[in-house]
Structure formats: structure tokens, C-alpha cells
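These are the residues of each chain, in order.
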Amino acid sequence: MESTEAFKDLAQYIVESLVDNPDQVHVKEVALDNTILVEVQVAQSDMGRVIGRGGTVVNSIRTLLQVLAVKADKRVSLEIIED
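Residues numbered from 1 in each chain as written. Predicted model: local features only at pLDDT ≥ 70, side-chain atom pairs only at ≥ 80, totals over all residues. Heavy atoms only, no water.

Right, let's get into the overall build of the protein chain. Of the regular secondary structure elements, the protein chain holds 3 helices and 3 strands. Seen in sequence order, the protein chain has helices and strands lined up from the N terminus as α-β-β-α-α-β. The principal-axis extent of the C-alpha atoms belonging to the protein chain is close to 35 × 25 × 20 Å. Looking at the 83 residues of the protein chain, the share that counts as buried comes to 33%. Long-range contacts, defined here as pairs at least 24 residues apart, represent 60% of the contacts in the protein chain between residues at least 6 apart. (Helix = DSSP H or I, 4+ residues; strand = E, 2+ residues; numbered from the N terminus. Buried < 20%, exposed > 50% of the residue type's maximum accessible area, 1.4 Å probe, protein only. Contact = heavy atoms within 4.5 Å.)

With that settled, the discussion passes to the sheet that holds strand 1 (residues 26-32). If you walk across this open sheet you meet the 3 strands as 1-2-3, and the pairing is mixed. Strands at the two margins of the open sheet, each flanked by one partner only, are strand 1 and strand 3 (75-81). This sheet shows a mean twist of 20° between the axes of neighbouring strands, independent of strand direction. (Pairing = 2+ DSSP bridges. Axes fitted to C-alpha atoms, helices over the stretch in contact; angles between N-to-C directions.)

Before going further, it helps to examine the pairing of strand 2 (residues 35-41). Strand residues, when the strand is regular, have side chains that alternate between the two faces of the sheet. As defined by bridge partners, strand 1 adjoins strand 2 across 7 bridges and the pair is classed as antiparallel. If you follow Leu32 over to strand 2, its bridge partner there is Thr35. The antiparallel pairing of strand 1 with strand 2 creates a hairpin that spans 2 residues between the two strands, and Asp33 there sits at a positive phi of about 45°. Here 7 bridges tie strand 2 to strand 3, and the two strands are oriented parallel to one another. Bridging across to strand 3, Leu37 finds its partner in Ser77.

This part takes up unusual backbone geometry. The backbone phi angle of Asp33 is positive, close to 45°, even though this residue is not glycine. Mapped onto the fold, Asp33 is located in the loop between strand 1 and strand 2. The phi angle at Asp73 is positive, at roughly 55°, despite the residue not being glycine. Along the chain, Asp73 turns up in the loop between helix 3 (56-72) and strand 3.

Dropping the structure here:
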């Protein structure tokens, strides 16, 4: 798997499926050596849906991205960016 776009696409698909305002979802991917940083920005009203109670939802998204990262022999980090 050569393309790192898969991380951004997966994160965007999952987050857009969760929120009330999918048009306000912005996903940015930054490649650093062997690590991929995925930054997700959502509307303030959707922040709770993406994070989940006790961070369960965001941790589940991180787990899914890590499965993809293992297949690509990369490391991945997901950050939720606030306005």
C-alpha cells in the first residue's frame, strides 16, 4: 500500500458518517518520516459525537486507522482540532 491518502479517506468517511454537519468536516493529513498525522476538524456542535463519552468514539477511530497503518508499515496519529 503506497498511498497514504487511505488514512485521510478512511477518517473522513467515518467522521462524516457520525456528524450532523458533514459539510463542515475537514481532514488534513501530514506525513512525517514513518508517521502519518491525521487532523480532523468538525463543527463545534458535532465535537461530542466525534469524541464520544470518555473518548470511546475517537479511540475507536484511532484503532481502525492503526489497523490500516500496520498494513502499510506506518505509524498513525489522529488529532481532533478545535476551532
